[in-house]
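Read off the chains here:
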Amino acid sequence: MSFRSRMCGWLIALFVAGDLAGAGVARAQPIPTDEPAFTAFVAARIRAAVRDTPVDIKGPLTLSIGSLQANLDRVYAFCKANASACSKEIGTYVSGVVATTGNRNDPPSRANLRVVVRSADYMRQALREVDARGPALMRPLAEGLVLVPVLDSPQTVKVFNDKDRAALGLTPDQVFDIAIANVRSNLKPLMSAAKPAVPGQFGTLQGDYYATSRLALIDSWAPLAQAQGGVLIVAVPSPDLVIYSGQDSSTAIDALRTLAKNMMARAPKPLSATLLRWTPKGWQIVR
């Protein structure tokens, strides 16, 4: 299975598909539901996996892992809502920690640059959870959504920051230009992956970690919009899912908005329920 087809989550490069080997004893224990005990439980799982890195509890749902600060809010919220899948989600989280701590010092590469879409609120929280490797770069995409450059590797995806930019001798604009170009060259052409949505139905792009990164390729959406009579409205409820419509009636917009909210509520790593209308100059919020 390729890296693109894996569910690689986001926490400034903390989530990678997989499960934690060698933690059978911890997995067999009941998972606590109160915040302090849950924090201690996950901390123990991480300690068992990263034996050479100190793991300390800084407060409820907050850990330090070496110089990295990790927040457990999202995985805790997921477990509260999905008890049966909690153990697997914790395993995915811990596997991401293992991958990140093992690759945090790898030198940056232009070829590994990509861009992802994240909510501005998410980024404000996430930036408090990473080590001081330098400020992250962001560019507005639409109201409440930003483009974030990342470094892609077979093990993990991690945020590309200002220290990485300086190491490669790039300007911020060059970083985004390269990252967007790499996304374009590594994804199938949009019309090979998306069929025009027929009236009364929605189209989807899903299953690829960089599915929503296509929103950065503004020009690539023109053929789909044209095939749908000039109308293209999208929602991105999770990082690996784009839902789109070719209708802009109030009924169709309400249906897409409801679907986006429902999908976002069920997503382990939600993104946004905002609806965006494609224009040749960029994405506009649908009120």
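Structure shown above.
As the structure is a computational prediction, the values presented were derived from the model and not from experiment.

Peer 1: Help me get a handle on unusual backbone geometry, residues and values and all.
Peer 2: Positive phi, close to 65°, is recorded for leucine 61, a residue that is not glycine. Judged by relative accessible area, leucine 61 falls into the buried class, the value being 4%.

Peer 1: Explain the nonpolar core to me, and be specific about the residues and the numbers.
Peer 2: Counting 51 residues, the largest nonpolar core has Leu215, Trp221, Leu232 and Trp283 as the members making the most contacts within it. Other than its neighbours up to four places away in sequence, leucine 215 contacts Val117, Leu141, Trp221, Val236, Val242, Leu276 and Trp283. Counting 20 residues, the second largest nonpolar core, distinct from the first, contains Ile46, Ala70, Tyr76 and Ile90.

Peer 1: Any chance you could break down helix α7 (residues 172-186) for me, citing the residues and the numbers?
Peer 2: For α7, spanning 15 residues, the distance from its first C-alpha to its last is 21 Å, which sits close to the expected 21 Å at 1.5 Å a residue. Against β4 (113-119), β5 (139-142), β6 (145-152) and α6 (162-168) lie the buried residues of α7.

Peer 1: Hey, could you go over the state of the cysteines for me, with residue numbers and the actual values?
Peer 2: Scanning all chains against the criterion turns up one disulfide. Shown here is the disulfide that connects cysteine 79 with cysteine 86, its sulfur atoms set 2.1 Å apart. Between cysteine 79 and cysteine 86, the S-S dihedral sits near 85°, and the bridge is therefore right-handed. Under the relative-accessibility criterion, cysteine 79 is labelled buried at 10%. Residue class for cysteine 86 comes out buried when judged on its relative accessible area of 4%.

Peer 1: Can you break down the sheet that holds strand β9 (residues 233-238) residue by residue, with the values?
Peer 2: Reading across from one edge, β8-β10-β9-β11-β12 is the order of the five strands in this open sheet, with antiparallel pairing throughout. Each edge of the open sheet is held by one strand with a lone partner, namely β8 (203-206) and β12 (282-285). Taken over all neighbouring pairs, the strand axes of this sheet differ in orientation by 30° on average, direction set aside. With four bridges joining them, β8 and strand β10 (residues 241-245) adopt antiparallel strand pairing. Across the sheet, residue leucine 205 finds its bridge partner in β10, namely valine 242.

Peer 1: Give a detailed account of the pattern of salt bridges, specifying residues and quantitative values.
Peer 2: Summed over the entire model, instances satisfying the criterion amount to six salt bridges. Ionic pairing is found between arginine 114 and aspartate 152, a salt bridge with its closest N-O pair at 4.0 Å. In this pair, arginine 114 sits in strand β4 while aspartate 152 sits in strand β6, placing the two residues 38 residues apart along the sequence. Note on accessibility: arginine 114 and aspartate 152 belong to one class, buried. For arginine 287, the salt bridge is made with glutamate 143, and the minimal N-O distance between the two is 2.6 Å. Of this pair, arginine 287 sits in the segment after β12 while glutamate 143 is found in the loop between β5 and β6, placing the two residues 144 residues apart along the sequence. Residue arginine 287 is classed as exposed on the basis of its relative accessible area, which comes to 70%.

What counts and what doesn't
- Residues numbered from 1 in each chain as written.
- Predicted model: local features only at pLDDT ≥ 70, side-chain atom pairs only at ≥ 80, totals over all residues.
- Heavy atoms only, no water.
- Buried < 20%, exposed > 50% of the residue type's maximum accessible area, 1.4 Å probe, protein only.
- Core = buried A, V, L, I, M, F, W, Y, C linked by side-chain atoms within 4.5 Å.
- Contact = heavy atoms within 4.5 Å.
- Helix = DSSP H or I, 4+ residues; strand = E, 2+ residues; numbered from the N terminus.
- Expected span 1.5 Å × (residues − 1).
- Disulfide = S-S within 2.5 Å.
- Pairing = 2+ DSSP bridges.
- Axes fitted to C-alpha atoms, helices over the stretch in contact; angles between N-to-C directions.
- Salt bridge = Lys/Arg side-chain N within 4 Å of Asp/Glu carboxyl O.

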